[in-house]
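Structure assessment
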Amino acid sequence: MRKPILAGNWKMYKKVGEAIKLISELKIKVQDVKDREIIVCPAYTVLNKVKEIIKDSNIKIGAQDVYWEEKGAFTGEISPDMLKDIGCDYVIIGHSERRHYFGETDDTVNRKLKAAFNSGLLPIVCVGETLREREQNLTFKVIEKQVHDGLKGLEDALIPKLIIAYEPVWAIGTGKTATPEEAQEVHKFIRDFLKRMYGEGSSNVIRILYGGSVKPENISQLMSQEDIDGGLVGGASLDAESFSKIVKY
Ligand code: 13P
């Protein structure tokens, strides 16, 4: 059985006071949840503060990005060790917004993924097709390339620890969710691909999350699909009430 993961990606929202309010409310609302993993991914500026508040709770913390070098003259970047040092457990890698606005590629995803694992962070690797790619029937081709190139050269032993998030670009922040069947089709495709690459043992334990306009109203249906193991939630994770409903779907 794969333990469900409900992760909130706060993106570039929440100043210190707002973050403290959100996480303090959320902590109380989800305190009794035991059978699922709850992760929040705040901005770098509030990671420390949020971490302080959730210590000894059932909520874990992740960053939204990381650089692949250990240290050095890389102005503006944050290393995996720095994240580990402040108590981060997870890191999102290759979010479509990073790919589209900041030029990230499957190659940078691959470097970041390896660096994250080296420091003991658990990566949440994002993949997803654009609307144009879907309309041109390129979805599976695009996803296969992103998964294949993103994971290239990764040690087999690390594969089961990997978390993948399928986030169709056309569903992010648009209010337009993939139907549970559309999402399941791609999740199954990813799992079958992983099975061919790494064997059934690994592919059966990797968690594949869905992201793109996840809301309290659609999470249960999405989670009822065989290969959907959780959600990576943007907008609806910015409010304690709605994210706690998603966590308790
Ligand atoms: P929304 O839930 O706002 O569509 O964002 C999804 C997302 O990008 C999560 O990483």
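Residues numbered from 1 in each chain as written. Predicted model: local features only at pLDDT ≥ 70, side-chain atom pairs only at ≥ 80, totals over all residues. Heavy atoms only, no water.

Structural notes on the overall build of the chain
The line we're drawing: In this text, helices come from DSSP runs of H or I with a minimum length of four residues, and strands from runs of E with a minimum of two, each type numbered from the N-terminal end. Computation of the radius of gyration draws on C-alpha atoms alone. For the globule rule, the value is 2.2 Å times the number of residues to the power 0.38. Residue-level accessible areas treat just the shown protein chains as cover; the underlying method is Shrake-Rupley with a 1.4 Å probe. Counting rule applied: Lys, Arg positive; Asp, Glu negative; His and chain ends not counted. For the purpose of locating charges, the reference atoms are NZ of Lys, CZ of Arg, CG of Asp and CD of Glu.
Scanning the chain from N- to C-terminus turns up 11 helices and eight strands. Taking 2.2 N^0.38 as the reference for a compact globule, 249 residues should give roughly 18 Å; the C-alpha atoms of the chain span a radius of gyration of 17 Å, in line with that estimate. Counting every atom, the chain has about 11800 Å² of accessible surface; 51% of that belongs to carbon and sulfur. Looking at charge distribution, the chain has the averaged site of its 36 positive side-chain charges lying 3 Å from that of its 37 negative ones.

Remarks on helix α1 (residues 16-29)
The following threshold applies: Given the number of residues in a helix, its expected span is that number minus one, multiplied by 1.5 Å. Relative accessibility under 20% of the residue-type maximum defines a buried residue, over 50% an exposed one, and the middle range a partly exposed one, all with a 1.4 Å probe and only protein chains included. Of all possible arcs, the one meant is that of the directions from the helix axis to the C-beta atoms. Note on contacts: a residue pair qualifies if any of its non-hydrogen atoms lie within 4.5 Å across the two residues.
For α1, built from 14 residues, the straight-helix expectation of 20 Å at 1.5 Å per residue is met to within 8% by its first-to-last C-alpha distance of 20 Å. Of all the positions in α1, only Ala 19, Leu 22, Ile 23 and Leu 26 are classed as buried. All buried residues of α1 project into a common sector of 90 degrees when viewed along the axis, lining one side. Opposite its buried face, α1 presents the exposed residues Gly 17, Lys 21 and Ile 28, each directed more than 90 degrees away. In this structure, the buried side of α1 is in contact with β2 (37-41), α2 (44-54), β3 (59-63) and α11 (240-247).

Things to note about the site of the ligand
The cut-off we apply is this: Here a residue is near a molecule or strand as soon as one of its heavy atoms is found within 4 Å of it. Polar contacts here mean pairs of N or O atoms no more than 3.5 Å apart (in protein, one a potential hydrogen donor and the other a potential acceptor; neighbouring residues in sequence count only if both atoms are side-chain atoms).
Close contacts around the ligand come from Asn 9, Lys 11, His 95, Glu 167, Ala 171, Ile 172, Gly 173, Gly 212, Ser 213, Leu 232, Gly 234 and Gly 235, and that covers them all. Backbone polar atom of Ser 213 to an oxygen atom of the ligand: 2.8 Å apart, as the coordinates give it. Between an oxygen atom of the ligand and a main-chain N or O atom of Gly 234, the distance comes to 2.9 Å. Protein coverage of the free-state accessible area of the ligand, which is 310 Å², stands at 96%.

A short note on the state of the cysteines
The condition that has to hold: Two cysteine sulfur atoms form a disulfide, by the criterion used here, when they sit within 2.5 Å.
If you walk through the whole model with that rule in mind, you get zero disulfides. No disulfide involves Cys 126; its nearest neighbouring cysteine sulfur is the one of Cys 41, lying 9.2 Å away.

Topic: the layout of surface pockets
Here is the rule we go by: The way it works is a 1 Å grid over only the protein atoms, where trapped points that fit a 1.4 Å probe form a cavity and open points with protein on both sides within 12 Å along at least five of seven lines form a pocket, and then any residue with an atom within 4 Å of a point lines it. Grid points are joined across faces, edges and corners, and a volume is the space filled by probe spheres set on the points. The nonpolar class holds Ala, Val, Leu, Ile, Met, Phe, Trp, Tyr, Cys and Pro. Asp, Glu, Lys and Arg form the charged class, and all remaining residues, Gly among them, are polar.
What the largest pocket holds in volume is close to 800 Å³. Lining the largest pocket are 29 residues, with Met 12, Gln 64, Glu 97, Arg 98 and Phe 102 sitting closest to its centre. At six residues, helix α4 (residues 96-102) tops the list of elements feeding residues into the lining of the largest pocket. Within this model, the second largest pocket holds a volume of roughly 200 Å³. Looking at the second largest pocket, it is lined by 18 residues, and the ones nearest its centre are Lys 11, Ile 172, Gly 173, Gly 234 and Gly 235. Here the residues of the lining of the second largest pocket are counted per class, giving eight nonpolar, seven polar and three charged.

Considering the packing of aromatic side chains
The test is simple: Here is the rule: rings of Phe, Tyr and Trp (six-membered ring for Trp) pair when centre to centre is within 6.5 Å. Planes less than 30 degrees apart are stacked, more than 60 are edge-to-face, and the remainder are tilted. In our convention, an over-ring charge means Lys NZ or Arg CZ found within 6 Å of a ring centre and within 35 degrees of that ring's normal.
Summed over the entire model, instances satisfying the criterion amount to five aromatic pairs. Both rings, one in Tyr 67 and one in Phe 74, keep their centres 5.2 Å apart while their planes meet at 50 degrees; by these two values the pair is tilted. Residue classification places Phe 74 among the partly exposed positions, given a relative accessible area of 32%. Directly above the aromatic system of Tyr 249 lies the positively charged group of Arg 36, at a separation of 4.1 Å from the ring centroid. The ring of Phe 102 has Arg 98 lying over it, and the distance from NZ or CZ to the ring centre is 4.1 Å.

Quick word on the sheet that holds β3
Operational definition: Strand pairing requires that DSSP identify at least two bridges connecting the strands. Here an angle of 0 to 180 degrees is reported between the N-to-C directions of two axes, which are lines fitted to C-alpha atoms, with helices fitted over the stretch in contact.
The strand order around the closed barrel formed by eight strands is β1-β2-β3-β4-β5-β6-β7-β8, and the pairing between neighbours is parallel. Put simply, the sheet's adjacent strands are angled 25 degrees from each other on average, direction ignored. In this structure, β3 lies alongside strand β4 (residues 90-93), joined through two bridges in parallel fashion. Across the sheet, the residue bridging to Ala 63 is Val 91, located in β4.

Here we look at the nonpolar core
The condition that has to hold: We define the nonpolar core as a collection of buried residues of types Ala, Val, Leu, Ile, Met, Phe, Trp, Tyr and Cys that are connected through side-chain atoms lying within 4.5 Å of one another.
Formed by 64 residues in total, the largest nonpolar core has its most connected members in Ile 23, Ile 190 and Tyr 210. Among the elements that take part in this core, helix α8 (residues 180-198) stands out by supplying seven residues, more than any other. Contact partners of Ile 190, with chain neighbours within four places excluded, come to Val 127, Ile 143, Val 147, Ile 164, Tyr 166 and Ile 208. Judged by nonpolar contacts, the second largest core, of 12 residues, contains Ile 5, Ala 7, Cys 41 and Cys 126.

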